[in-house]
Number of protein chains: 2
Amino acid sequence: MRTLDVVGLGFTSLDYLGLVPHLPRLDEGAPLLDFARQGGGPVAQALVTLSRLGASVGFVGRVGDDEAGTAMRAGLVAEGVDIGRLQVEPGATSGQCIILVDHTSGKRSICAHPGSAGEIDPTGLDVPFLCSGRYLHLDGHHSDAALVAARAARVAGVSVCLDAGGPDPRLLELVPLTDVLITGERFAAAAAPNGDFREGAGRLRAMGPRIVVVTRGEHGSFTETADGVFATPAFRVPVVDTTGAGDVFHGAYLFGLLRGWELDAVAEFASAAAAIKCGTLGGRAGIPRRAAVSEFLRDHGRRPPPAMVVG
Amino acid sequence: MRTLDVVGLGFTSLDYLGLVPHLPRLDEGAPLLDFARQGGGPVAQALVTLSRLGASVGFVGRVGDDEAGTAMRAGLVAEGVDIGRLQVEPGATSGQCIILVDHTSGKRSICAHPGSAGEIDPTGLDVPFLCSGRYLHLDGHHSDAALVAARAARVAGVSVCLDAGGPDPRLLELVPLTDVLITGERFAAAAAPNGDFREGAGRLRAMGPRIVVVTRGEHGSFTETADGVFATPAFRVPVVDTTGAGDVFHGAYLFGLLRGWELDAVAEFASAAAAIKCGTLGGRAGIPRRAAVSEFLRDHGRRPPPAMVVG
C-alpha cells in the first residue's frame, strides 16, 4: 500500500503569534504590530509544506476536542493533509503556543503549552497507514509511538526522516532507525565531545542515517553523506519571523528527495522555501507553493530543479 | 427610558493568556504552565462583573466579523450583557491581546493589537440607549464617541463613571464630565505637579467628579470626596494573575453605588471582588458572583453589605 508520499507523526499545536517592537517586561504594555493565529508543530508544518509543493501527505497526531483542536483539524484539512488517523481526545485541551516575535531581528520566544490530550498510545497505532508513504516523518514527540512507527517503517522499506529539534535523550534512540536526519546546530554539536557540529554530524551519521543535514539559520546548512560533506549558504532576505523556517526546510527537503534531485539542489531548494517563509508572520501563512520557490530561485540567479523529473 | 443599570462604551478584545515561570528571552523557549483564551477590555470586564453580581448591563463597542469578534460577542451574550448596539465591521479584525503572566509575582505584560475595526463614529451613536442606564461607564477608548456619550448622559441625568487607565490627554477632557472617577496611581500622580497621587486625586476632584478613587494594587485604594479622604487596604490573597483586577474593582464599585452602600463598604466590596479575581488566570474567568464576595468578606472577618437594600 503506497497511497501517500509522506506520512508524519508528531506534535501539532495552535499558535498565537504577536509581532512586538521589543519583548515586554513585567507590568509593561507593548503594542502588537501584528497578530496571527495559525496551526503549528514541526511535523504538521513540514507536511503542509509538502502539500503546498505538490506532494500527498497524511498526519498522525493528537488533539483535544476543544475549539483549538477543531481549528487545527480544519486547518490541516484545508491544506489537503489526510488526518483520518489524527486522534481526538474527548474533554482534553489541545497544545497551544504563544510566540512573541521581535520586530527588529525576526527572532522569537516560544511559550508552549502541551495541553492535556497526552501521548499517542504505541499499541493502538495504525501501522499500515504509517507505512503507506515513501517517507515517514517524525519530530521525536510521542516518542514511544515514534519508535514503534520507525521500526515498522524500516521493516516495510519506508524511509524514515527525523527532525531532531533538541537534545532529548529519547531522540537518540530514533537516530539508528533514521535514514534522513535533519537537525539544528545544537543537537549536532551535542553529539561531539568537542562540541563541534561538523564532528557531531559525522558521529550522528555513523549511528545509521545515510544523510545528515545540520540547519544553521542565517548560516545556511551543512550536509554529510557517505560521499562527503558540503555547505549550502542561506539566502539573504528581509526577515519578519523565523518561526517554522526549520519545519519548512524539512518539508521542502523531503519534497526534493521525493523528486530524486541531487542533494545540493535539494538543500538549495529547501533553503529557498525556508527563506520565503521568513517574510511572513507565523509558521504556516508564509509557506510557499512550488512556483513561488522556482521564481525565488530564478530571482536569486539560481536554476530551479526540473519540474517534471519524478524520483 | 431606564431599562438597564449600567451601559458601557469602550474597548473589547480577545485575550490569549499564558502563565510562564519567567518572561522568555529571544530565541528561548519557555513552558506555558497554563493557557487561557478569554474576552477582555476594561469596560467589557467591568460590565461582566456587574452582570455576575446581579446588575443589568449593556455594552457599546466595536469588533470585526472575524473569529475573534464572533467569540467575543458570544462570550458577552453568555454573560447576559446586552450587545444589541455592539458594532461589527465587515472584513475587519478585532482587538486581540497576548498577555504573559509571571508565575512568581502574578504580574503581567500585556501586548495589545487594536485590530482594524477602528473607532466608533460619534455621529452614529444610539444616544437614548447610552443614556438608558443609571450609570454610563467609559474607559477613554473611542474618545470622540465617549465625549458625545458623556455630555448626553449629563443632560439626561445619568451618572458618568470613568476608568482612567493611563495618562492620555483625551482622558482629561472626560474628567469634567465624570461623576465617579476611578483610576490608577500613575494617572492620579500625573495630575499633581509634585507627582503625589493624593494631591492628584484632590486636583482631579476639583475638575468635577464627586468621587475620585485611586486603585493601588496590593496597597489598596484611596477615596477622595467632598466629605474627606480615606484609605481601604487590599486583601492579602495568593495571586495567580492580576489581569483585570482593576476592571473587576470598577464593576463591583459601581454595583455598590447602585445598591446605595456607604462608600467605605463599596470600596471594601470592590477590593474583595478584585482580590478573588486574582486567584484565576485571565481577566474574566475569575470574576466572582455576589455570594462568593459575601463569603470572602465573612472569611476575612468583615460584614458583607446587606443583600436586600436597593439604592
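Residues numbered from 1 in each chain as written. Chains lettered and ligands numbered in written order. Predicted model: local features only at pLDDT ≥ 70, side-chain atom pairs only at ≥ 80, totals over all residues. Heavy atoms only, no water.

**As for the interface of chain A and chain B**
Moving on, step 1. In this complex, chain A contributes 31 residues to the contact, which on the side of chain B involves 31 residues.
Moving on, step 2. Between the two partners, chain A and chain B, sit six salt bridges.
Moving on, step 3. In this structure, Asp27 of chain A engages Lys107 of chain B in a salt bridge whose closest nitrogen and oxygen atoms are separated by 3.9 Å.
Moving on, step 4. Between chain A and chain B we count 12 residue pairs in polar contact (both at pLDDT 80 or more) in total.
Moving on, step 5. For the side of chain A that touches chain B, the elements supplying multiple residues, two or more each, are strand E2 (13-20), strand E3 (29-31), strand E4 (34-40), strand E8 (96-102) and strand E9 (108-113) of chain A.
Moving on, step 6. Counting residues per element, the side of chain A that touches chain B draws most heavily on E9 of chain A, at six residues.
Moving on, step 7. When grouped by side-chain class, the residues that make up the side of chain A that touches chain B number 16 nonpolar, six polar and nine charged.
Moving on, step 8. Here three bridges tie E3 of chain A to strand E9 (residues 108-113) of chain B, and the two strands are oriented parallel to one another. Along E9 of chain B, the bridge assignment pairs Ala30 of chain A with Cys111 of chain B. (Contact = heavy atoms within 4.5 Å. Salt bridge = Lys/Arg side-chain N within 4 Å of Asp/Glu carboxyl O. Polar contact = N/O pair within 3.5 Å; in protein donor to acceptor, adjacent residues only side chain to side chain. Helix = DSSP H or I, 4+ residues; strand = E, 2+ residues; numbered from the N terminus. Nonpolar A, V, L, I, M, F, W, Y, C, P; charged D, E, K, R; others polar. Pairing = 2+ DSSP bridges.)

**Remarks on the packing of aromatic side chains**
Moving on, step 1. Taken as a whole, this structure holds 15 aromatic pairs over all chains when the rule is applied.
Moving on, step 2. Look at Phe197 of chain A and Phe222 of chain A: their rings are 5.5 Å apart centre to centre, the planes differ by 90 degrees, and that puts the pair in the edge-to-face class. With Phe197 of chain A in helix H7 (residues 197-206) and Phe222 of chain A in strand E14 (residues 221-225), the pair connects residues that are 25 residues apart, well separated along the chain.
Moving on, step 3. Geometrically, the ring pair formed by Phe255 of chain B and Phe269 of chain B is stacked, given 5.9 Å between the ring centres and 25 degrees between the ring planes. A residue pair is termed long-range when its members are at least 10 positions apart, and Phe255 of chain B in helix H8 (residues 245-259) and Phe269 of chain B in helix H9 (residues 263-277) qualify at 14 residues. Across the pair, Phe269 of chain B and Phe255 of chain B agree in class, each one buried. (Phe/Tyr/Trp six-rings, centres within 6.5 Å; stacked < 30°, edge-to-face > 60°. Buried < 20%, exposed > 50% of the residue type's maximum accessible area, 1.4 Å probe, protein only.)

**Here we look at the packing of H9 of chain B against helix H10 (residues 290-299) of chain B**
All names here are of chain B.
Moving on, step 1. Packing of H9 against H10 brings their axes to within 9 Å, and their N-to-C directions diverge by 100 degrees. Taken together, the axis directions place H9 and H10 in an arrangement best described as roughly perpendicular. Contact residues: Glu268, Phe269, Ala272, Ala273, Ala275 and Ile276 in H9; Arg290, Ala292, Val293, Phe296 and Leu297 in H10.
Moving on, step 2. Broken down by class, the residue content of the contact of H9 with H10 amounts to nine nonpolar, no polar and two charged. (Axes fitted to C-alpha atoms, helices over the stretch in contact; angles between N-to-C directions. Parallel < 35°, antiparallel > 145°, perpendicular 65-115°, else oblique.)

**Describing the sheet that holds strand E14 (residues 221-225) of chain B**
Residue and element names in this part refer to chain B.
Moving on, step 1. If you walk across this open sheet you meet the eight strands as E5-E1-E10-E11-E12-E13-E14-E15, and the pairing is mixed. Looking at which strands have only one partner, the edges of the open sheet turn out to be strand E5 (57-60) and strand E15 (228-232). Sheet twist, expressed as the average angle between the axes of neighbouring strands with direction ignored, equals 15 degrees.
Moving on, step 2. In this sheet, E15 lies alongside E14 in antiparallel orientation, the contact comprising five bridges. Directly across from Phe222, in E15, lies its bridge partner Ala231.
Moving on, step 3. Against the sheet, helix H4 (residues 143-156) touches strand E1 (6-9), strand E10 (135-138) and strand E11 (159-164), its axis set at about 160 degrees to E10.

**Some thoughts on the pairing of E5 of chain B**
Residues and elements named next belong to chain B.
Moving on, step 1. The alternating pattern of E5 places Val57 and Phe59 on one face and Gly58 and Val60 on the opposite face, and all of these are buried.
Moving on, step 2. By the bridge criterion, four bridges tie E1 to E5 in an arrangement that is parallel. From the neighbouring strand, Val6 faces E5, where its bridge partner is Val57.

**Here's the deal with the packing of H8 of chain B against H9 of chain B**
Residue and element names in this part refer to chain B.
Moving on, step 1. Closest axis-to-axis distance for the H8/H9 pair is 8 Å, and the angle between their directions is 145 degrees. The handedness of the crossing between H8 and H9 comes out as right-handed. Residue-level inspection shows Ala245, Val248, Phe249, Ala252, Tyr253, Phe255, Gly256 and Leu257 of H8 in contact with H9, the latter providing Leu263, Val266, Ala267, Phe269, Ala270, Ser271, Ala273, Ala274 and Lys277.
Moving on, step 2. The class makeup of the residues in the contact of H8 with H9 is 14 nonpolar, two polar and one charged. (Left-handed = near helix turned anticlockwise from the far one by under 90°.)

**Some points on the sheet that holds E4 of chain A**
Moving on, step 1. Across the sheet, five strands lie side by side as E4(A)-E2(A)-E8(A)-E9(A)-E3(B); this open sheet has mixed pairing. Strands with a single pairing partner mark the edges of an open sheet, and in this sheet they are E4 of chain A together with strand E3 (29-31) of chain B. Neighbour-to-neighbour, the strand axes of the sheet open up by a mean angle of 20 degrees, direction not taken into account.
Moving on, step 2. Of the strand pairs in this sheet, E2 of chain A and E8 of chain A are connected by seven bridges, and their pairing is parallel. Among the inter-strand pairings, Leu17 of chain A is bridged to a residue of E8 of chain A, identified as Ile99 of chain A.

**Examining the side chain of Thr232 of chain B**
Moving on, step 1. Residue position: Thr232 of chain B is located in strand E15.
Moving on, step 2. Looking at Thr232 of chain B, the relative accessible area reads 8%, which means it is buried.

**A few points about the nonpolar core**
Moving on, step 1. Leu50 and Tyr253 of chain A together with Leu50 and Tyr253 of chain B are the most contacted members of the largest nonpolar core, which totals 114 residues.
Moving on, step 2. Setting aside residues up to four positions removed in sequence, Leu50 of chain A forms contacts with Val6, Ala55, Val57, Gly251, Leu254, Phe255 and Leu258 of chain A. (Core = buried A, V, L, I, M, F, W, Y, C linked by side-chain atoms within 4.5 Å.)

**Here's the deal with the confidence of the model for chain A**
Moving on, step 1. Here chain A shows a mean pLDDT of 94. Residues at 70 or above account for 97%.
Moving on, step 2. The ipTM assigned to the predicted complex is 0.83, against a pTM of 0.88. (pLDDT = per-residue confidence, 0-100.)

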